[in-house]
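# Chain and residue survey
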Amino acid sequence: MIRVGLVGVGFMGWIHYLAYQKVRSMKLAAVSSRDPKRLKGDWRGIKGNFGPPGEQINLKGIAGYSTYEELLADDSIDMVDLCLPPAIHADYTIKAFEAGKHVLVEKPIAVTVADAKKMVKASQKTGKMLLTAHSLPFFPEYNFALKAARSGQYGKVLGGSFKRTISDPTWVDGFWDPVKVGGPMVDLQIHDSHWIRLLFGMPTAVTSQGRMRGDVVEYVSSQFEFADKSLVVNLNAGVIDQPTRSFAHGFEIHFEEATMLFDFCVIDDKPVLSMPLTVIPKKGKSKQPKLAGGDPVEAFIAEMKEAAASIESGTPSEILSGEVAADALLLCYKQTEAVVKGRKVKV
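Below is a summary of the structure that appears in this document. (Residues numbered from 1 in each chain as written. Predicted model: local features only at pLDDT ≥ 70, side-chain atom pairs only at ≥ 80, totals over all residues. Heavy atoms only, no water.)

### Quick word on the sheet that holds strand E9 (residues 216-225)
In any sheet, the strands associate via hydrogen bonds between backbone groups, in a parallel or an antiparallel arrangement. Spelled out, the test is: Between any two strands, at least two bridges found by DSSP are needed for them to pair. Only DSSP runs of H or I reaching four residues or more are called helices, and only runs of E reaching two or more are called strands; each is numbered from the N terminus. Throughout, a residue-residue contact means that at least one pair of heavy atoms, one from each residue, lies within 4.5 Å. Note on definitions: angles span 0 to 180 degrees between N-to-C directions of axes, and those axes are lines fitted to C-alpha atoms, for helices only across the stretch in contact.
Overall, mixed pairing links the eight strands, which are arranged E13-E12-E11-E7-E10-E9-E8-E14 in an open sheet. At either margin of the open sheet sits one strand with a lone partner, and together these are strand E13 (270-281) and strand E14 (345-346). Sheet topology places strand E7 (residues 157-166) next to strand E10 (residues 232-239); eight bridges connect them, and they run parallel. From the neighbouring strand, isoleucine 166 faces E10, where its bridge partner is valine 239. Along the sheet, helix H7 (residues 183-200) contacts E7, E9, E10 and strand E11 (245-255); its crossing angle with E7, the most-contacted strand, is approximately 165 degrees.

Right under this line is the structure:
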């Protein structure tokens, strides 16, 4: 049983709490928050863009710490789960390693590439695992596509088009601050940069066109290049002033023997599945695979199970790898550089 200390009781902390209730190999043993109400279980003010709103919960049997140092001093904790602003991820992660804890840190791994590299180096030095909570590959449609690419079920993956947009996330404090959160590239588009890194490996160059808001990219269209010149991969992502369409994502992935389609959005607070996951083979009729799970929290349950398996085996999964997460962050900044310079940028 892996005993977990949850640090930060906000929206993602609440989603992680719900996931831990369904993971037998992990036990939520402690919670750290500066808010005394949250330490008493009053999580009713928590809201986000998916999942249920926060509730009054029973924290009996779960230790409550008002400071991070108190939680780190608890020798019974095996893994620290950091659901904190990304600008402080590096500091809190390194302190956890020095205290002998493994770390699961919410995405993005950090705001700066330099901090991400420090975290990876500290993990290697201490022998403690750095797991970055990139949840997208655990959502059913994306998980199906990843497994197909890994297994070669439809032959070699040849490329694809990916998209992710949201309306202005006014609920995220400091979202547009390049130092605190990093804007749409670091907080949002990193999902697909990570996904592209998983599917195709690390690009060698990127060409991007985008709109800026202050010092960060508001919306970007990117074309990636790889050592394998036959790969054709592009991405459109960012924030659009579209309050009635609060979220949208999807993909078209090309394999040697099939094409895979998926498109989903939220309009007027209602889910719209305009294209269920559909496989169009070279021969025969198209099909829509049956997928397990429809509740977004189930993706986080799968993520926690993957983290537990990584710690138990002593080998981090590629999906949660700190190194891959650092690569994804670097890709975000390379796209920003390409937008600012107006030309192709080497990775």
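Following the structure, the description resumes.
### Side note on the sheet that holds strand E4 (residues 79-82)
Overall, parallel pairing links the six strands, which are arranged E3-E2-E1-E4-E5-E6 in an open sheet. The two strands at the open ends of the sheet, each matched to only one other strand, are strand E3 (63-65) and strand E6 (130-133). Neighbour-to-neighbour, the strand axes of the sheet open up by a mean angle of 25 degrees, direction not taken into account. Seen against the sheet, helix H4 (residues 89-98) touches E4, strand E5 (102-106) and E6 and runs at an angle of roughly 165 degrees to E5.

### Let's talk about the packing of aromatic side chains
Defined as follows: When two rings of Phe, Tyr or Trp (its six-membered ring) have centres within 6.5 Å they constitute a pair, described as stacked for plane angles under 30 degrees, edge-to-face for angles over 60, and tilted for the intermediate range. Throughout, exposure labels follow a simple rule: accessible area from a 1.4 Å probe, protein chains only, divided by the maximum for the residue type, with under 20% read as buried, over 50% as exposed, and the rest as partly exposed.
In total, this model carries 14 aromatic pairs according to the counting rule given. Their ring planes at 70 degrees and their centres at 5.2 Å tell us that tyrosine 17 and tryptophan 43 sit as a pair that is edge-to-face. On the criterion of sequence distance, the pair formed by tyrosine 17 in helix H1 (residues 11-20) and tryptophan 43 in the loop between helix H2 (36-39) and E3 is long-range, its members being 26 residues apart. Note on accessibility: tyrosine 17 and tryptophan 43 belong to one class, buried.

### Topic: the side chain of threonine 278
The test is simple: Identification of polar contacts relies on pairs of N or O atoms within 3.5 Å, with a donor-acceptor requirement for protein atoms, meaning one able to donate a hydrogen and the other able to accept it, and with residues adjacent in sequence counted only if both atoms are side-chain atoms.
Within the fold, threonine 278 resides in strand E13. There is a polar contact of 2.7 Å between the side chain of threonine 278 and the backbone oxygen of proline 276. Sequence-distant contacts of threonine 278, defined by excluding residues within four places in its chain, comprise Thr259, Met260, Leu261, Ser286, Lys287 and Gln288.

Remember, this is a structural readout, not a statement about activity or role.
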